[in-house]
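# Structural features, examined
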Amino acid sequence: MTPRTTPAPEDQYTAAPFIPEGPLTLPALREAAAGCEGCPLHRNATRTVFGAGKATARVMLVGEQPGDQEDRQGKPFVGPAGRLLDRALEEAGLDPTDAYVTNAVKHFKFTQAEPRKRRIHKAPTLREMTACAPWLAAELTVVEPELIVVLGATAGKALLGSSFKVTEVRGTVLEREIHGHPERLVPTVHPSSVLRSDDREAAYRGLVGDLEVAARVLS
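Reading the values: rules and limits
- Here the residue index of a chain counts from 1 through its sequence in written order.
- Local features are withheld for residues below a pLDDT of 70 in this predicted model, meaning they are given only at 70 or higher, and side-chain atom pairs are given and counted only at 80 or more; totals for whole chains, interfaces and linings count all residues.
- The side-chain quantities take in all heavy atoms of the structure and omit both hydrogens and water.
- Throughout, exposure labels follow a simple rule: accessible area from a 1.4 Å probe, protein chains only, divided by the maximum for the residue type, with under 20% read as buried, over 50% as exposed, and the rest as partly exposed.
- Strands are runs of DSSP state E lasting at least 2 residues, helices are runs of H or I lasting at least 4, and numbering of each runs from the N terminus.
- When DSSP finds two or more bridges between a pair of strands, those strands are recorded as paired.
- For helices, the axis comes from a line fit to the C-alpha atoms of the stretch in contact; other axes are also lines fit to C-alpha atoms, and the angle between any two N-to-C directions lies between 0 and 180 degrees.
- What makes two residues a contact is simply this: any of their non-hydrogen atoms within 4.5 Å.
- The definitions used throughout rest on a 1 Å grid laid over the protein atoms alone, on which a cavity is an enclosed set of points accommodating a 1.4 Å probe that cannot get out and a pocket is an open set flanked by protein within 12 Å on both sides along at least five of seven lines; lining residues are those having an atom within 4 Å of a point.
- Grid points are joined across faces, edges and corners, and a volume is the space filled by probe spheres set on the points.
- Here the nonpolar group is Ala, Val, Leu, Ile, Met, Phe, Trp, Tyr, Cys and Pro; Asp, Glu, Lys and Arg are the charged ones; every other residue, Gly included, is treated as polar.
- Definition used in this section: a nonpolar core is a set of buried Ala, Val, Leu, Ile, Met, Phe, Trp, Tyr and Cys residues joined via side-chain atoms within 4.5 Å.
- Pairing of aromatic rings covers Phe, Tyr and Trp, the last counted by its six-membered ring, and requires centre-to-centre distances within 6.5 Å; plane angles under 30 degrees mean stacked, over 60 mean edge-to-face, and any other angle means tilted.
- Any Lys NZ or Arg CZ that is within 6 Å of a ring centre and within 35 degrees of that ring's normal is treated as a charge sitting over the ring.

### A few points about the pairing of strand E1 (residues 59-63)
- Counting buried positions along E1 yields five of five residues, so the element is predominantly enclosed.
- Bridge count for E1 against strand E2 (residues 99-103) is five bridges, and the pairing is parallel. Within E2, the position partnered with valine 62 by the bridge is threonine 102.

As structure tokens, this is what we get:
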């Protein structure tokens, strides 16, 4: 076998080479992301799950990574957590159809004991989040949201650094520079954590309360 003289794209752990040149648009980014091999996660995932929503959306919701249903359907937040999130947004006074939803990592990372067995979500590493960061930066450039809602600890670490703790800042308004853009952010829990909670009703009320803070920022 001839030795490889240059590293494969996934060995470099960056999506930067896959970002299209020229004026960025969401359709162009989505098409380019479908072929992303910026880290090894693309090998086992069914497809890239890019963000969804309008380029004119006032709020961007950033989660962790696609889940099993998202990986199968190719759209973010279409599983149980997504349906819960839509309900919470509406209750908080935010229109889900006027939000851009995406994830810090665009491929589903999972473990699977045997073929055809259930695929179990596995949290992405900081290196994998960093590799995927150029896609999120490009989405921010195109959408230019007035507010980012950070859904959970992994999304928070991807946007705000490894020391981020959602329990310390949830429901507050932060002002930070993110990928070169001055942004306002409201962190909250990921909706999947509500589904896992022992007291689901209390956890849901907490999520709605945090989203109400976001709604007031946009009012």
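### Observations regarding the sheet that holds E1
- Pairing in this open sheet of five strands is mixed, and the strands run E2-E1-E5-E7-E6 from one edge to the other. At either end of the open sheet lies a strand with only one pairing partner, and these are E2 and strand E6 (174-178). Each strand axis lies, on average, 35° off the axis of its neighbour in the sheet, ignoring direction.
- Running over the sheet, helix H6 (residues 153-160) touches E1, strand E5 (147-151), E6 and strand E7 (181-188) and is turned about 130° from E5.

### Examining the layout of surface pockets
- In this structure, the largest pocket occupies an estimated 780 Å³ of space.
- At the level of secondary structure, the elements contributing two or more residues to the lining of the largest pocket comprise helix H3 (68-73), helix H4 (80-92), strand E4 (120-121), H6 and helix H8 (191-196).
- Its residues assigned to classes, the lining of the largest pocket comprises twelve nonpolar, twelve polar and six charged.

### Quick look at the nonpolar core
- Leu61, Leu147, Val149 and Leu211 are the most contacted members of the largest nonpolar core, which has 26 residues in total.
- Ranked by residues supplied to this core, first place goes to helix H9 (residues 200-218) with nine residues.
- When near neighbours in sequence (up to four residues on either side) are disregarded, leucine 61 contacts Leu85, Leu89, Ala99, Tyr100, Val101, Thr102, Val149 and Leu151.
- In this structure, Ala15, Phe50, Cys132 and Ala155 belong to the second largest nonpolar core, which totals 24 residues.

### With respect to the packing of aromatic side chains
- One pass over the full model with this rule turns up two aromatic pairs.
- Arranged with centres 5.9 Å apart and planes meeting at 85°, the rings of phenylalanine 50 and tryptophan 135 form a pair that is edge-to-face. Of this pair, phenylalanine 50 sits in the loop between helix H2 (26-33) and E1 while tryptophan 135 is found in helix H5 (residues 126-143), placing the two residues 85 residues apart along the sequence.
- Accessibility expressed as a relative area gives 4% for phenylalanine 50, which makes it buried.
- Positioned over the ring face of tyrosine 204 is arginine 87, at 4.3 Å from the centre of the ring.
- A cation sits over an aromatic face here: lysine 106 above phenylalanine 50, 5.5 Å from the ring centre.

### Brief notes about H6
- Taken residue by residue, H6 has Thr154, Ala155, Gly156 and Leu159 as its buried positions.
- Tucked inside the fold, the buried residues of H6 contact E1, H5, E5, E6 and E7.
- The positive-phi residue at the C-terminal boundary of H6 is glycine 161, with phi of around 105°.

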